There are 2 protein chains.
Amino acid sequence: MKKQVKKKKTSIKKTGEIPNLYAVIIAGGSGTRFWPLSRQETPKQLLSIGGEDTLIQATVSRLGSIIPFERTYVVTNSKQVESINLQLLAMSGVSGEANFIIEPEAKNTAPAIGLAAVHLMHINPEAVMVVLPSDHIIKDKKQFCSSVLLGADISAEGYLITLGIKPDKPETGYGYIKRGRKIKKGTYRIEEFREKPDKKKALKYLRDGRYYWNSGIFIWRADTVLKAIEKHMPELYGGLVRIGKAIGTDGVEKAVKSVFSRIKPESVDYGILEKADKLAVIPSDMQWSDVGSWHALDSVLPVDDNNNVRKGNIISIDNKNSILYSGKRLVATVGLKDMIVVDTPDATLICPRNKAQEVRKIVDILKKRGAKECITHMTVLRPWGSYTVLEAGERFKIKKIEVKPGSKLSHQLHRHRSEHWIVVAGTAKVTNGDKMYNVHPNESTYIPMSTKHRLENAGRIPLQIIEVQNGDYLEEDDIIRFDDDFKRKTVK
Amino acid sequence: MKKQVKKKKTSIKKTGEIPNLYAVIIAGGSGTRFWPLSRQETPKQLLSIGGEDTLIQATVSRLGSIIPFERTYVVTNSKQVESINLQLLAMSGVSGEANFIIEPEAKNTAPAIGLAAVHLMHINPEAVMVVLPSDHIIKDKKQFCSSVLLGADISAEGYLITLGIKPDKPETGYGYIKRGRKIKKGTYRIEEFREKPDKKKALKYLRDGRYYWNSGIFIWRADTVLKAIEKHMPELYGGLVRIGKAIGTDGVEKAVKSVFSRIKPESVDYGILEKADKLAVIPSDMQWSDVGSWHALDSVLPVDDNNNVRKGNIISIDNKNSILYSGKRLVATVGLKDMIVVDTPDATLICPRNKAQEVRKIVDILKKRGAKECITHMTVLRPWGSYTVLEAGERFKIKKIEVKPGSKLSHQLHRHRSEHWIVVAGTAKVTNGDKMYNVHPNESTYIPMSTKHRLENAGRIPLQIIEVQNGDYLEEDDIIRFDDDFKRKTVK
């Protein structure tokens, strides 16, 4: 597991940076709303939606000019930390590992933000936090940055600041913020938070001009938000004080675990903001979307003449206003209207757009069944490359394994399976017991059960092998690691 | 290729048989209307729809008590003959091979029926033909048989007889037959054929009581229909006479080919029946459906409380009146109404029920693209078992191969690929060049390029192997066969 907080020493000061400004990216998510593309192990922030970067990569990337990577902290759980780290390392211009703050369990945003605040206080008592959801889309990066800097500016006066999005339609899926009197140019006191409205109210808000969408992006000093937690969530505050004392000692992980096991889940909106006094909103035109479900996809992806979003191997005849999303598999659609069709190698979703929220019911059913289709994809990314399960039968499993040039899997053994490897592209450097040799395309090798082995791509092009596993137990957790470039204990 | 007509010597006379009665099963079909379940290589009659048997197996099976297998003839094309033969051989109670009459090209039903008639005349000048589509569903077998026997009875008087289905709804998808005066109990002269009506007319026909659906099942003496062809389709008749003279000689295949290349396509309904004089209809309650498209599936398969047909790995939430058809892959559907969803391992169809006919447009697009998804399935049945393509990449292809106990593939070689075989179940008897040896589960063997080899399951349980092919050209036609239990030349 990652250390609770890692500090970076590789900071390079960039123009426009404010020294005390820190990014806190909240990256939880259960992978429900974008099922079947999102899974428990690849929730929405790890997906590319509306761009090449994944949503969390884009979140980090758009901060680039104002907050350096070494002052960016990701709050997440231990299951996602490896995948997120992998994605952030893959970003161009990023060097060094990301800073992670690990939540032992999900307790909504107030405890997550409190945990980040108490960590930042330890690092820098003057810290100003920019709290960012990891899975939103913001198209106007420049607007975003200038709004954040404006927020950082007035945070010095003890405000709890929310970025408000100027509505361009009567959206019923977002909470609203009503602005009060002006503080200074571009910043207002918050008069009131409003829950998701019905259509009529949403139209009223839109026409009124003083209402903004609540973006969930917050800016405040760490000490300001901690004071607000002390006042409005004293129980959480007590826990955070205990954690604060443990930071810098070996006991921090245990302290966080103990506090989080008892704290009740609460959103920062309900637990703090709706009760606090010195609130500000910064209206912004940054072209923001929370892409809360498949339904929202046409607001962030290009549409065809009939208002369909089309991606992948789709045959589309006479469709209208539909989301048609596939990969390599062929999906043929005729005469659909206002439908969502999402295809992945092992699962397909079909529902009308107005039922997009019901995807959670499907995920619930899958969880009850213990079905793999809600947990993982057939292709699983690993730091060294990826593997795809091609077929699983009784006593055998077939995988296609791709290893990046220069990468190697851990030195490992399996108690319950042997493995046949056939190289189909690239050259494999194989450690098999005491021997070490190369295997070329159209050659194969055999790794007996309980034999220490290692697979490496020492070449310059991607290595592709077909692995046929034989044994009575073929799960990923039958692995004993002896040496690992990626310091992993439990997963391959 | 099969001989044009094979005669059986294994006839066993059954009770109720009429000595001169022959079944002529018309099995063409391009695999369009039930795409993606049907493909060019597995058209509708080769599918199990609404039962365990495939439609052509059911067609043969329901004749069992009145026409023996050796007097059953299948009119089809050379591409389908092997698959049909395989399916008929797999039927319980069937011994010996089926009789095939091969059409060199599809020219609609009149030439196909004429070709069968001229063959039957050669075998038995007293032959009475029962002409049956191969892809319909008939639930009341007893009713069907008694209607056929009644038809055979009056065919002696020179009638061209059609079985008419008593309508139970105002169906607009079928042609209608209006009965005239009674000939004898249960048989009427045909007053008129009517094209597919609109809803209003269909309702009128239903209320009138004298209209029947045209089932496409015909009964007549071979000489009667040939006389009618002579009168109404003289050009076809001329061709049939030429074929008739060649039957029994080596020139028959050439003659058929030559005639069919010139004859114009025509249906028996339009070309003969609508013009002929001595027509009869036998009304029947045999619970017939032509299952003309996915739309018709709920008339032959059980439906749930919300009137959905559900098959395979389907999660269904709040769906109504929909056809939800899958195999092992997961398909999750929410809030669908009057929709068709059909999933296969490599392609998915989604369309509203009233667009079921437009599936042909999709198949047209696929044909233009040269896409495999309209030609074959990922799993291909072979006389010795089956293979499934798990993955195909540049210079490699991975197959799972299953060989039935006691079966073997041909003795063969490939010029452009080598093969790695890993046994995952059963025991493989392998011929590899000059050597012969057994390969057990968790063992592998390697077949070099241009090496004669053979795979056999000499054991008692199915053999499963994973084959990894390596080479520059990996198509099925890179095969040279030296010995084959199934006398095949071109396909594996």
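Every value quoted in this text rests on a predicted model; they were computed, and no experiment measured them.

1. A word on the overall build of chain A
Per the secondary structure count, chain A includes 10 helices and 28 strands. For 492 residues, the compact-globule estimate of 2.2 N^0.38 gives 23 Å, and the C-alpha radius of gyration of chain A, at 25 Å, lies within 12% of that figure. A buried classification covers 47% of the 492 residues belonging to chain A. Excluding contacts between residues fewer than 6 apart, the proportion of contacts in chain A whose partners are at least 24 apart in sequence is 67%.

2. A few points about helix α4 (residues 141-155) of chain B
Over its 15 residues, α4 of chain B runs 21 Å from end to end, which matches the ideal 21 Å to within 8%, given 1.5 Å per residue. Buried within α4 of chain B we find F144, S147, V148, L150, G151, A152 and S155 of chain B.

3. Structural notes on the sheet that holds strand β12 (residues 309-311) of chain B
The strand order across the open sheet formed by six strands is β13(A)-β15(A)-β17(B)-β16(B)-β14(B)-β12(B), and the pairing between neighbours is mixed. Two strands in the sheet have a free side with no partner beyond their single neighbour: β13 (314-317) of chain A together with β12 of chain B. Shown here is a sheet whose adjacent strand axes are inclined to one another by a mean of 5°, direction ignored. Sitting on the sheet, helix α10 (residues 359-369) of chain B is in contact with β13 and β15 (330-334) of chain A together with β17 (347-352) of chain B, with an inclination near 135° to β13 of chain A.

4. Describing the domain arrangement of chain A
Residues and elements named next belong to chain A. Each assigned domain of chain A is listed here: domain 1 (21-289), domain 2 (303-366) and domain 3 (379-483). Spacing between the C-alpha centres of domain 1 and domain 2 amounts to 31 Å. Every contact between the two is made by five residues of domain 1 and, on the other side, eight residues of domain 2. Its residues assigned to classes, the side of domain 1 that touches domain 2 comprises three nonpolar, one polar and one charged.

5. Concerning the environment of N319 of chain A
Residues and elements named next belong to chain A. Looking at where N319 falls in the secondary structure, it is placed in the loop between β13 and β14 (323-325). Assessed through the 25 C-beta atoms surrounding it within 10 Å, N319 is described here as buried. Those residues in contact with N319, other than ones at most four positions away along the chain, are N306, N308, L324, T333, G335 and L336.

6. Things to note about the confidence of the model for chain A
All names here are of chain A. Considering every residue of chain A, the mean pLDDT works out to 92; 95% of them sit at 70 or more. In the model, residues 1-15 has pLDDT below 50 throughout and makes 26 contacts with residues more than four positions away in sequence or in other chains. Interface scoring of the predicted complex returns ipTM 0.88; its pTM is 0.88.

7. As for the interface of chain B and chain A
Each partner contributes residues to the interface: chain B has 43 residues there, and chain A has 43 residues. The dominant element in the side of chain B that touches chain A, judged by the number of residues it contributes, is β17 of chain B, at six residues. Class assignment of the residues belonging to the side of chain B that touches chain A gives a composition of 24 nonpolar, nine polar and 10 charged. One ladder, built from four bridges, connects β15 of chain A with β17 of chain B; its direction is parallel. Residue A332 of chain A lies in a different strand from β17 of chain B, and its bridge partner there is L349 of chain B.

8. Focus: the relation of the copies chain B and chain A
For the pair chain B and chain A, the relating rotation is 180°, the translation along its axis is 0.1 Å, and the fit reaches an RMSD of 0.1 Å. Those values place the two copies in the arrangement expected of a two-fold rotation axis. The rotation axis passes nearest to the C-alpha of L390 of chain B in chain B, at a distance of 3.1 Å. Comparing interface residues between copies, 100% of those in chain B also lie at the interface in chain A; the contact surface is shared.

9. Considering the pairing of strand β8 (residues 187-194) of chain B
All names here are of chain B. Direction of pairing for strand β7 (residues 176-184) relative to β8: antiparallel, over a ladder of six bridges. Residue R179 lies in a different strand from β8, and its bridge partner there is I190. In this structure, the hairpin formed by β7 and β8 is closed by a connection of two residues, where G186 is found at a positive phi of approximately 85°. Of the strand pairs in this sheet, β8 and strand β10 (residues 279-284) are connected by two bridges, and their pairing is antiparallel. Opposite Y188, over in β10, you have V281 as the bridge partner.

10. Thoughts on the environment of E192 of chain B
Residues and elements named next belong to chain B. Tracing the backbone shows E192 in strand β8. You can call E192 partly exposed: it has 13 C-beta atoms within 10 Å. A sequence separation of 167 residues divides E192 from V359, and the C-alpha atoms of the two residues are 32 Å apart.

11. Regarding the sheet that holds strand β13 (residues 314-317) of chain B
Read from one edge to the other, the open sheet built from six strands follows the order β12(A)-β14(A)-β16(A)-β17(A)-β15(B)-β13(B), with strand pairing classed as mixed. At either end of the open sheet lies a strand with only one pairing partner, and these are β12 (309-311) of chain A together with β13 of chain B. Pairwise comparison of adjacent strand axes, ignoring direction, gives a mean angle of 5° for this sheet. Of the strand pairs in this sheet, β14 of chain A and strand β16 (residues 339-343) of chain A are connected by three bridges, and their pairing is parallel. The residue of β16 of chain A that forms the bridge with Y325 of chain A is V342 of chain A. Along the sheet, helix α10 (residues 359-369) of chain A contacts β17 (347-352) of chain A together with β13 and β15 (330-334) of chain B; its crossing angle with β13 of chain B, the most-contacted strand, is approximately 135°.

12. Considerations on the nonpolar core
What tends to happen in soluble globular proteins is that the nonpolar side chains get buried as a cluster. Counting 239 residues, the largest nonpolar core has V24 and M129 of chain A together with V24 and M129 of chain B as the members making the most contacts within it. Excluding anything up to four places from it in sequence, V24 of chain B contacts Y73, V75, A116, M129, V130, V131 and L132 of chain B. The next biggest cluster of nonpolar side chains, apart from the first, holds 39 residues, and it includes F396, A428 and L463 of chain A together with V424 of chain B.

13. Concerning the packing of helix α6 (residues 222-232) of chain B against helix α7 (residues 234-246) of chain B
All names here are of chain B. The interhelical angle for the contact between α6 and α7, taken along N-to-C directions, is 130°, at an axis separation of 6 Å. For the element pair α6 / α7, the angle class is oblique. Residue-level inspection shows L226, I229 and E230 of α6 in contact with α7, the latter providing P234, L236, Y237 and L240. Grouping the amino acids of the contact of α6 with α7 by side-chain chemistry returns six nonpolar, no polar and one charged.

14. Brief notes about the environment of G31 of chain B
Tracing the backbone through its elements, the reader meets G31 of chain B in the loop between β1 (21-26) and α1 (55-61). Placed 331 residues apart in sequence, G31 of chain B and I362 of chain B show a C-alpha to C-alpha distance of 12 Å.

15. Side note on unusual backbone geometry
Of all residues except glycine, most have a negative phi; of all peptide bonds, most are trans. Residues and elements named next belong to chain A. Across the junction of W35 and P36, the peptide omega takes the value 10°, indicating a cis bond. Of note, the phi angle at N442 is positive, near 70°, even though the residue is not glycine. Relative to the helices and strands, N442 is located in the loop between β24 (435-439) and β25 (444-447). Of note in the backbone geometry, S450 takes a positive phi value of approximately 55° without being a glycine. Note that S450 resides in the loop between β25 and β26 (453-456).

16. With respect to the pairing of strand β18 (residues 379-382) of chain B
Pairing of β18 of chain B with strand β19 (residues 385-393) of chain B involves four bridges; the strand directions are antiparallel. What sits directly across from L381 of chain B, in β19 of chain B, is S386 of chain B.

17. Considerations on the packing of helix α3 (residues 109-123) of chain A against helix α6 (residues 222-232) of chain A
Residue and element names in this part refer to chain A. Orientation of α3 relative to α6, taken along the N-to-C sense of each, is 130°, at an axis distance of 9 Å. With respect to their mutual orientation, α3 and α6 come out oblique. Crossing geometry of α3 relative to α6 is assigned as left-handed. Of the residues in α6, those touching α3 at I113, G114, A117, V118, L120 and M121 are A222, D223, V225, L226 and I229. By residue class, the composition of the contact of α3 with α6 is nine nonpolar, one polar and one charged.

The rules behind these values
Residues numbered from 1 in each chain as written. Chains lettered and ligands numbered in written order. Predicted model: local features only at pLDDT ≥ 70, side-chain atom pairs only at ≥ 80, totals over all residues. Helix = DSSP H or I, 4+ residues; strand = E, 2+ residues; numbered from the N terminus. Rg over C-alpha atoms; globule rule 2.2 N^0.38 Å. Buried ≥ 20, exposed ≤ 12 C-beta atoms within 10 Å, placed from the backbone. Contact = placed C-beta atoms within 7 Å. Expected span 1.5 Å × (residues − 1). Pairing = 2+ DSSP bridges. Axes fitted to C-alpha atoms, helices over the stretch in contact; angles between N-to-C directions. Domains from an automatic or database assignment. Nonpolar A, V, L, I, M, F, W, Y, C, P; charged D, E, K, R; others polar. pLDDT = per-residue confidence, 0-100. Least-squares fit on C-alpha atoms with pLDDT ≥ 70 in both. Core = buried A, V, L, I, M, F, W, Y, C linked by C-beta atoms within 7 Å. Parallel < 35°, antiparallel > 145°, perpendicular 65-115°, else oblique. Left-handed = near helix turned anticlockwise from the far one by under 90°.

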